[in-house]
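Each chain, written out:
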Amino acid sequence: MDVATFGSSCSPCSAQYIKNRNAEDFAKDYPRAVDGIIRCHYVDDYLDSFDTVDEAYRVAAEVKMIHGKAGFDIRGWRSNCSNLPRHLGETTILATKDLHLDKTSGTERVLGMLWLTSKDVLGFSTQMRKDIAEIIHVGRRPTKRQVLRCIMSLFDPLGMLAMYTVHGKVLIQSIWRSGSDWDDEIGDGEFNQWVKWINVLSKIDSIRIPRCYIAGNVSSSIHSAQLHLFVDASEEAYAAAAYFCFLISDGTIICNLVTAKTKVAPLKPLSIPRLELQAAVLGARLASFVSKNHTITIEKKVFWSDSSTVLAWIRSDARRYRQYVACRIGEILTLTESKEWKWVPTNMNCADEATKWGRGPSLSSEGRWFQGPEFLYRPEQHWPHQKCRQNMVTEEELRTCFVHGVQKYEPTVEFKRFSKWTRLVRSVAYMVRFINNARRSKGQRIVTSLSSEELGIAETIIWRLSQQESFPDEVSQLKQANGKVEKSSKIYKLSPYIDENGVLRQNGRIGAATNTRFDMKYPIILSTYHPTTLLLLNHYHRTNHHINYETVVNEIRQNFYISHLRAAVRKTARSCQWCKIHKSQPTTPKMAPLPAARLASFERPFSYVGVDYFGPVLVKVGRSLAKRLHV
């Protein structure tokens with residue numbers, strides 16, 4: 001075919017392929033012109049910018065020549081340099097041709113926008129069809145069809161008027177939600193929004209935006225370039241605005257709006273955090289688009305949001321949240337890095353102008369929508385900073401998890417088999433030594449008697465094992481990141497924590513004491529009824545020579561916390577066999593019952609008198625009686 005068939009679905013693809021294929025044949029001789037043909041063409045329009053007039057002359061002539069080799073006659077050149085069209089062979093008639101409806105404005109249409117070539121600025125036209133213009137100026141209540149026709153007639157491909165056009169889209173959605181027909185007049189609420197919107201429409205013509213980001217400077221004067229994205233959302237819409245911030249070699253800072261993107265909130269209601277997340281996704285996509293379609297080297301990207309919830313989502317593990325949040329956070333982290341996201345107050349967020357009407361959008365070319373916020377013109381240390389950035393957490397949109405865990409603990413040491421604390425400690429110490437010797441070579445094995453260090457390690461192991469048996473839930477909770485003991489726990493009020501050796505200790509208030517042992521400042525928590533606790537109490541009881549209870553209690557409290565300690569110490573003393581023997585007191589025998597004779601009543605005196613006698617009886621007899629007996 002000699003020409004592309006108009007209307008055929010393959011024509012755009014084949015036309016672009018032939019254009020690029022023809023340019024690639026000249027890539028070695030004219031690299032700049034070829035790059036412009038491939039990257040700066042939009043259908044049959046060629047848009048490009050240069051630092052100097054000579055460069056523009058040269059590249060434009062090369063582009064025209066390359067296209068001419070393939071039979072493409074590119075013409076209708078326009079430039080802010082009035083000599084360029086004539087230099088490229090444009091006739092006087094073509095050079096003065098104006099495609100704008102207003103023949104006296106001296107503007108040129110560029111992708112729907114107005115380009116005032118004499119001043120090199122961009123503008124907009126609000127000229128409407130006659131029937132639509134009558135509705136706007138007369139103030140008659142329009143129909144749904146007329147509102148849509150008027151709002152969609154304002155073409156803004158770069159989003160420069162996004163802070164204004166988005167409210168027209170919100171109006172269309174409101175009319176759609178009301179259920180009115182296409183040719184029905186809009187309701188009272190929608191009409192009030194319509195009046196607010198068209199009152200600002202007449203001011204659009206006065207907007208002038210410099211086409212060049214760094215007007216009056218050349219690209220070589222750029223010291224560094226940063227891309228700043230502002231995102232925001234409301235119940236009605238969400239938006240993202242991109243700004244280039246240039247540091248010029250003379251120290252000045254220039255900030256300009258690059259592009260903006262807005263979307264109305266879906267008909268199905270969403271929470272504000274979810275809408276803010278949608279705005280963040282929109283900002284990440286917009287930043288990727290700007291980076292790919294600019295030849296400017298961007299040294300730094302910064303994304304600004306006033307939603308602490310979204311920032312917490314981005315800086316945490318996305319898998320903890322529901323699919324809606326997790327998938328969008330995954331896309332954000334694919335296009336950006338979490339450290340690039342920063343917090344900005346709402347009153348400094350430029351995207352806020354597109355999501356909230358307030359007193360109406362600011363159309364000043366010197367306003368923050370077009371020039372960026374004030375803090376971008378100051379050093380980075382003066383930018384807004386969020387407090388407690390590292391500890392940002394949120395409970396929004398957490399994924400529901402049902403976990404049923406069963407802890408099965410099999411003790412390594414059977415503590416009930418031991419009757420003394422010292423035997424238990426020495427047995428564990430020998431067990432640890434055996435394990436260590438098995439890992440050493442034969443010449444490095446230890447065979448001497450147990451050292452105090454080995455006994456200390458054994459005691460630490462015993463405490464750790466006993467605590468795992470007595471407080472399994474508390475130990476597992478404290479081992480987690482930022483773990484805390486539940487209020488239902490028996491040791492909750494002790495402020496427990498796990499030290500570097502894995503031992504559960506009480507967190508006291510005397511940590512700053514310098515002349516106090518570590519165990520006294522942070523006592524070891526033990527269960528009253530565990531076998532190791534009973535052996536330990538018995539050991540202290542014996543060590544202190546079976547003396548009174550308070551001495552043992554005082555000694556134990558200097559190293560351990562045991563609930564109901566006094567009762568446990570008394571119980572230990574009562575079960576001690578040595579104490580039973582050496583502290584026993586002689587008892588007075590019980591008196592026998594009285595005999596019946598002692599208890600007989602109403603009997604004659606001496607009825608129950610007897611002599612308990614055994615052996616001879618010596619009787620002294622008088623002289624007269626002796627004579628008689630002698631006779």
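*Asks:* How should I be thinking about the overall build of the protein in this particular structure?
*Replies:* When helices and strands are counted, the protein shows 24 helices and 15 strands. Rg of the C-alpha trace for the protein: 49 Å, well past the compact-globule value of 25 Å for 631 residues, more than 25% over. Classification of the 631 residues of the protein by burial places 39% in the buried group. Residue pairs at least 24 apart in sequence account for 64% of intrachain contacts in the protein once pairs closer than 6 positions are excluded. With the model as given, the accessible surface of the protein reaches about 39,600 Å², and the carbon-plus-sulfur share is 53%. Charge centroids of the protein, computed over 86 positive and 63 negative side chains, lie 18 Å from each other.

*Asks:* I'm lost on the packing of helix α15 (residues 421-439) against helix α19 (residues 531-543) in this one. Help?
*Replies:* Any two packed helices are characterised by how steeply their axes cross, that is the angle between the axes, and by the distance between the axes. Closest axis-to-axis distance for the α15/α19 pair is 8 Å, and the angle between their directions is 120°. With respect to α19, the element α15 is oriented oblique. Mapping the contact onto sequence places Trp421, Thr422 and Leu424 in α15 and Thr532, Leu535, Leu536 and His539 in α19. Counted by class, the contact of α15 with α19 contains four nonpolar, three polar and no charged residues.

*Asks:* Whenever I open this one, the confidence of the model for the protein confuses me. Can you help?
*Replies:* A low pLDDT score tells you not to read the predicted coordinates there in detail. Residues with a pLDDT of 70 or more make up 92% of the protein, whose mean pLDDT is 86. Contacts for the low-pLDDT stretch residues 93-104, under 50 throughout, to residues beyond four places or in other chains number 20 contacts.

*Asks:* Is there a simple way to think about α19 in this case?
*Replies:* For the α-helix, the turn length of 3.6 residues means that residues three or four positions removed from each other point alike. Over its 13 residues, α19 runs 18 Å from end to end, which matches the ideal 18 Å to within 8%, given 1.5 Å per residue. Restricting attention to buried positions, one finds in α19 the residues Pro531, Thr532, Thr533, Leu535, Leu536, Leu537, Asn538, Tyr540 and His541. Immediately beyond the C-terminal end of α19, within one or two residues, lies His545, with a positive phi of roughly 60°.

*Asks:* It is not clear to me how the nonpolar core should be interpreted in this structure. Could you clarify?
*Replies:* Soluble globular proteins: nonpolar side chains tend toward being buried together. If you look at the biggest cluster of nonpolar residues, it comprises 51 residues, and the most contacted ones within it are Trp194 and Trp369. Take this core: its biggest share by element is seven residues, from helix α8 (residues 162-178). Leave out the neighbours within four places in its chain, and Trp194 touches Ile135, Ile136, Pro142, Val147, Cys150, Leu171 and Ile186. Formed by 36 residues, the second largest nonpolar core is a distinct cluster that contains Ala233, Ala265, Tyr324 and Ile332.

*Asks:* I'm lost on the pairing of strand β10 (residues 300-305) in this one. Help?
*Replies:* Regular strands have side chains that alternate between both faces of the sheet. Where strand β7 (residues 222-233) and β10 come together, six bridges link them in parallel fashion. By the bridge assignment, Val231 is partnered in β10 with Ser305.

*Asks:* Looking at this structure, how should I read unusual backbone geometry?
*Replies:* For residues other than glycine, phi is negative in most cases, and the peptide bonds are mostly trans. The phi angle at His546 is positive, at roughly 60°, despite the residue not being glycine. Here the phi dihedral of Phe606 falls at roughly 60°; this positive angle occurs in a residue that is not glycine. Checked against the element boundaries, Phe606 lands in the loop between α23 (596-599) and α24 (623-630). On the basis of relative accessible area, Phe606 is assigned to the exposed category, the value being 71%.

*Asks:* What is the right way to look at the sheet that holds β10 in this model?
*Replies:* The pairing of strands in a sheet happens through backbone hydrogen bonds and is either parallel or antiparallel. Pairing in this open sheet of five strands is mixed, and the strands run β9-β8-β7-β10-β11 from one edge to the other. Of all the strands in the sheet, the pair left with one neighbour each is β9 (253-264) and β11 (341-343). This sheet shows a mean twist of 25° between the axes of neighbouring strands, independent of strand direction.

*Asks:* So what exactly am I meant to see when it comes to the side chain of Arg505 here?
*Replies:* Along the chain, Arg505 falls in strand β13 (residues 504-506). Within the structure, the side chain of Arg505 is placed 3.0 Å from the side chain of Asp519, a separation counted as a polar contact. Setting aside chain neighbours within four positions, we find Arg505 in contact with Ser495, Pro496, Tyr497, Asp499, Phe518, Asp519, Tyr522, Pro523, Ile524 and Ile525.

Reading guide: rules and limits
- Residues numbered from 1 in each chain as written.
- Predicted model: local features only at pLDDT ≥ 70, side-chain atom pairs only at ≥ 80, totals over all residues.
- Heavy atoms only, no water.
- Helix = DSSP H or I, 4+ residues; strand = E, 2+ residues; numbered from the N terminus.
- Rg over C-alpha atoms; globule rule 2.2 N^0.38 Å.
- Buried < 20%, exposed > 50% of the residue type's maximum accessible area, 1.4 Å probe, protein only.
- Contact = heavy atoms within 4.5 Å.
- Areas by Shrake-Rupley, 256 points an atom, 1.4 Å probe, with all protein chains shown as cover.
- Lys, Arg positive; Asp, Glu negative; His and termini not counted.
- Charge placed at Lys NZ, Arg CZ, Asp CG, Glu CD.
- Axes fitted to C-alpha atoms, helices over the stretch in contact; angles between N-to-C directions.
- Parallel < 35°, antiparallel > 145°, perpendicular 65-115°, else oblique.
- Nonpolar A, V, L, I, M, F, W, Y, C, P; charged D, E, K, R; others polar.
- pLDDT = per-residue confidence, 0-100.
- Expected span 1.5 Å × (residues − 1).
- Core = buried A, V, L, I, M, F, W, Y, C linked by side-chain atoms within 4.5 Å.
- Pairing = 2+ DSSP bridges.
- Polar contact = N/O pair within 3.5 Å; in protein donor to acceptor, adjacent residues only side chain to side chain.

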